[in-house]
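Fold and contact review
The lines below spell out each chain.
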2 protein chains.
Amino acid sequence: MLARNMTIGSIAPADLYAPVAHYLKDVEHIIEDELFSDHPAVNELCTRVSRYRGKMLRPALLLLCAKACGRVNDAHRTLAAVVETVHLATLVHDDVLDDAAVRRKQPTINATDGNVTAVLLGDYLISHAYHLCSSLDDQYAARTIAATTNTVCEGELMEIHHRYDDRLSEGIYFDIIENKTAALTSTCCLLGVRYAGADEDVVKAMGDFGAAIGRAFQIVDDVLDLVGDESRTGKTLGLDLAHGSATLPIIHCLANAPVDIGGRLRAFVRGEAAFGRQRIVDWLESTGSIEHTFQVAREHVQTALQQLTYLSDSPARDSLAAMTEFILRRQF
Amino acid sequence: MLARNMTIGSIAPADLYAPVAHYLKDVEHIIEDELFSDHPAVNELCTRVSRYRGKMLRPALLLLCAKACGRVNDAHRTLAAVVETVHLATLVHDDVLDDAAVRRKQPTINATDGNVTAVLLGDYLISHAYHLCSSLDDQYAARTIAATTNTVCEGELMEIHHRYDDRLSEGIYFDIIENKTAALTSTCCLLGVRYAGADEDVVKAMGDFGAAIGRAFQIVDDVLDLVGDESRTGKTLGLDLAHGSATLPIIHCLANAPVDIGGRLRAFVRGEAAFGRQRIVDWLESTGSIEHTFQVAREHVQTALQQLTYLSDSPARDSLAAMTEFILRRQF
């Protein structure tokens with residue numbers, strides 16, 4: 001873990017977004033304005049959802065990529081608000097799919113208002129994301145965002161399809177996280193540099209950077225779901241296990257555990273046997289599966305860092321590098 | 001009821017869409033191509049959803065409006081596919097919200113694959129609708145469609161907010177149906193004539209036509225939910241009653257019934273008393289509430305027909321008029 005006063009390279013975690021902190025405030029206002037409704041009940045729900053906006057990872061990536069390539073313009077602000085609103089919509093629907101009770105230390109919408117309201121609120125958010133996107137002068141972003149959400153939905157459908165699948169391969173696991181997570185972080189970085197007028201090779205490199213960051217982020221997220229601390233993550237954990245979603249540590253353990261443990265873990269994934277989270281974690285530790293998973297995440301972090309050589313030196317680039325390294329140490 | 005061989009004016013129901021039947025085939029192909037996935041499980045779901053495409057009311061409205069103003073072009077075909085895909089998405093999510101088991105005589109996605117898959121499939125459909133829309137050259141349609149889906153979601157959120165509300169006013173009921181239904185049918189007609197190059201006054205008139213048709217359609221839909229025949233409608237009925245959604249006949253009955261019936265109906269809407277559907281219908285008949293509701297629908301049909309005077313005489317205009325009149329006689 002990273003203590004509160006430790007620094008990554010020369011940047012403290014709280015300062016990771018410093019080069020774009022001012023623009024992130026604008027983004028919050030754009031989102032608020034876009035979501036405003038004449039109906040108080042709708043506004044109340046949107047206010048509650050706005051509290052899920054914690055890390056602002058996706059708009060920060062977009063703005064830092066823009067800043068690293070030149071000036072942050074109005075299109076960047078709008079697009080940063082779009083990607084965050086898309087992300088908020090996926091959180092609200094994910095909480096329905098996972099039956100999650102807590103998010104960022106707040107009760108989820110489905111927990112307080114029921115699945116029906118949460119489904120509709122997610123629809124409201126995604127609709128407003130596209131609406132905001134359609135305010136731009138050209139169609140490129142709208143096409144890119146919609147293609148990305150197509151991919152995200154496909155990834156989520158694949159994940160659901162493979163729930164309780166004790167034969168899930170690493171290949172399919174990576175397909176799923178590429179679609180459900182890496183596609184959106186890739187788009188954030190790609191749009192950031194493209195709307196800053198960067199050359200095609202830089203646009204391609206930063207799309208790859210965003211995808212690698214997304215993979216690393218999701219892999220660590222999946223580990224935290226197993227070994228994290230709810231008081232730090234601020235959300236319900238153990239949900240992958242509860243829903244039979246085999247993530248990388250589980251897949252590695254199934255391939256490497258002795259027959260008796262493998263058999264029990266397989267039955268657990270299929271939903272045919274019940275074991276406590278600690279028991280599962282003990283098995284994962286015994287096969288070195290948590291360490292293996294962090295090693296894989298580390299490789300994706302390295303891939304991401306290599307892409308940053310396409311950017312010239314700047315405080316924004318330093319922030320992107322520090323954010324990338326921080327993924328391996330985050331506890332939330 | 002309308003017998004199978006009866007005609008409306010000079011047009012048999014099966015021939016209502018005749019002037020655009022050829023284009024509707026194109027629209028089906030565009031939707032199939034857009035929804036195609038590399039993942040067989042996703043394709044299977046989309047194939048099942050395609051069977052919900054029955055009336056094709058929204059694309060037919062768009063294409064007939066286009067045809068009535070000139071030539072049907074590629075943008076119209078794309079937009080007709082967009083509005084139908086938006087509609088399909090709302091059907092899939094509505095079935096989750098209503099816990100509906102049957103749609104167009106097929107089991108619903110939530111009934112066979114669970115709410116989780118149905119939520120994601122709805123998200124997949126809406127994402128593809130926006131993606132298809134972003135393929136057009138200009139942003140006007142994307143802005144209009146996204147503004148419309150904002151409105152639809154708001155209408156649905158309002159409806160949920162007023163479930164079990166025995167004080168729901170006619171004013172709020174009309175607000176809800178204006179948002180959740182009339183907004184989309186209005187947009188269909190408006191986009192049809194606008195992308196045919198019609199003058200602003202015609203665009204405005206046909207937007208009004210579509211809104212009036214949508215209101216009439218929803219009012220009759222709400223009556224069918226009470227007095228319809230499941231073997232004809234092909235979907236689960238009585239859902240408004242089951243979820244405490246007071247529709248126009250109920251609101252009228254509550255305002256006009258003697259105290260004893262009013263009190264029992266009020267308790268029923270609040271979910272505090274249980275009565276069979278036939279008992280409720282008897283009360284509605286006793287206050288003339290079904291007839292009153294049809295009278296209101298008739299007024300909206302008249303409003304719609306008046307707008308058609310903005311179009312010059314053509315087979316497409318005749319079809320629009322016949323479709324409008326058919327709303328009052330439909331059994332499905």
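One can find the structure itself at the top, above this paragraph.
These notes cover the structure that comes with them. (Residues numbered from 1 in each chain as written. Chains lettered and ligands numbered in written order. Predicted model: local features only at pLDDT ≥ 70, side-chain atom pairs only at ≥ 80, totals over all residues. Heavy atoms only, no water.)

Now for the relation of the copies chain B and chain A. For the pair chain B and chain A, the superposition axis carries a translation of 0.0 Å, the fit reaches an RMSD of 0.0 Å, and the rotation angle comes to 180°. The symmetry that links the two subunits is that of a two-fold axis. A shared binding surface is used by both copies, with 100% of the interface residues of chain B retained as interface residues in chain A. (Least-squares fit on C-alpha atoms with pLDDT ≥ 70 in both. Contact = heavy atoms within 4.5 Å.)

Take the interface of chain B and chain A next. Facing the 43 residues of chain B at the interface are 43 residues of chain A. Between chain B and chain A, the buried area comes to about 3500 Å², and carbon and sulfur atoms account for 67% of it. Looking only at chain B, the three residues that lose the most surface to chain A are B:Leu120, B:Gln139 and B:Leu157, adding up to 18% of its buried area. At the boundary of chain B with chain A, the tally comes to 0 salt bridges. At the junction of chain B and chain A, the tally comes to 23 residue pairs in polar contact (both at pLDDT 80 or more). If you list the elements that add at least two residues to the side of chain B that touches chain A, you get helix H2 (40-50), helix H4 (74-98), helix H5 (109-133) and helix H6 (140-161) of chain B. For the side of chain B that touches chain A, the per-class residue count stands at 20 nonpolar, 14 polar and 9 charged. (Buried area = accessible area lost by both parts, 1.4 Å probe. Salt bridge = Lys/Arg side-chain N within 4 Å of Asp/Glu carboxyl O. Polar contact = N/O pair within 3.5 Å; in protein donor to acceptor, adjacent residues only side chain to side chain. Helix = DSSP H or I, 4+ residues; strand = E, 2+ residues; numbered from the N terminus. Nonpolar A, V, L, I, M, F, W, Y, C, P; charged D, E, K, R; others polar.)

Attention shifts here to the pattern of salt bridges. Residue and element names in this part refer to chain B. Per the counting criterion, the structure on display carries 24 salt bridges over all chains. Residue Arg264 pairs with Asp260 through a salt bridge whose shortest N-O separation is 3.6 Å. With Arg264 and Asp260 both in helix H12 (residues 259-269), this residue pair falls 4 residues apart, about one helical turn. Looking at Arg264, the relative accessible area reads 31%, which means it is partly exposed. You can call Asp260 partly exposed: its relative accessible area is 45%. The partner of Glu291 in a salt bridge is Arg298, and the shortest N-O contact between them spans 3.5 Å. (Buried < 20%, exposed > 50% of the residue type's maximum accessible area, 1.4 Å probe, protein only.)

Here we come to the state of the cysteines. All told, the structure shown has 0 disulfides over all chains when counted by the stated rule. Among the cysteines around A:Cys65, which has no disulfide bond, A:Cys189 carries the closest sulfur, lying 3.7 Å off. You can call A:Cys65 buried: its relative accessible area is 0%. There is no disulfide at A:Cys133, and the cysteine sulfur nearest it, in B:Cys133, is 11 Å away. (Disulfide = S-S within 2.5 Å.)

Moving on to the packing of aromatic side chains. Residue and element names in this part refer to chain A. In the structure shown here, the tally under the stated rule is 9 aromatic pairs over all chains. Summarising the aromatic geometry, the rings of Tyr173 and Phe174 are spaced 5.4 Å apart at their centres and angled 75° between planes, so their arrangement reads as edge-to-face. Ring centres of Phe268 and Phe275 lie 6.3 Å apart, and the angle between their planes is 40°; this geometry places the pair in the tilted category. By relative accessible area, Phe268 is classed as buried at 11%. Grouped by ring-pair contacts, the aromatic residues Phe268, Phe275 and Trp283 constitute a single cluster. Geometry around Phe217 places Arg58 over its ring, the cationic atom sitting 5.9 Å from the centre. (Phe/Tyr/Trp six-rings, centres within 6.5 Å; stacked < 30°, edge-to-face > 60°. Lys NZ or Arg CZ within 6 Å of the ring centre and 35° of its normal.)

The next subject is the nonpolar core. The biggest cluster of nonpolar side chains holds 220 residues, and the ones touching the most others in it are A:Met206, A:Ile250, B:Met206 and B:Ile250. Those residues within four positions of A:Met206 in sequence are excluded, and the remaining contacts are A:Cys65, A:Cys189, A:Leu190, A:Val193, A:Gln307, A:Leu308, A:Leu311 and A:Leu320. (Core = buried A, V, L, I, M, F, W, Y, C linked by side-chain atoms within 4.5 Å.)

Residue and element names in this part refer to chain A. Two elements in contact, helix H3 (residues 57-69) and helix H8 (residues 200-227), have axes whose closest approach is 12 Å; the angle formed by their N-to-C orientations is 150°. With respect to H8, the element H3 is oriented roughly antiparallel. Seen along the crossing, H3 lies across H8 with a hand that is right-handed. Note on element contacts: H8 touches H3 through Val202, Met206, Phe209, Ile213 and Phe217, opposite Leu57, Arg58, Leu61, Cys65 and Cys69. (Axes fitted to C-alpha atoms, helices over the stretch in contact; angles between N-to-C directions. Parallel < 35°, antiparallel > 145°, perpendicular 65-115°, else oblique. Left-handed = near helix turned anticlockwise from the far one by under 90°.)

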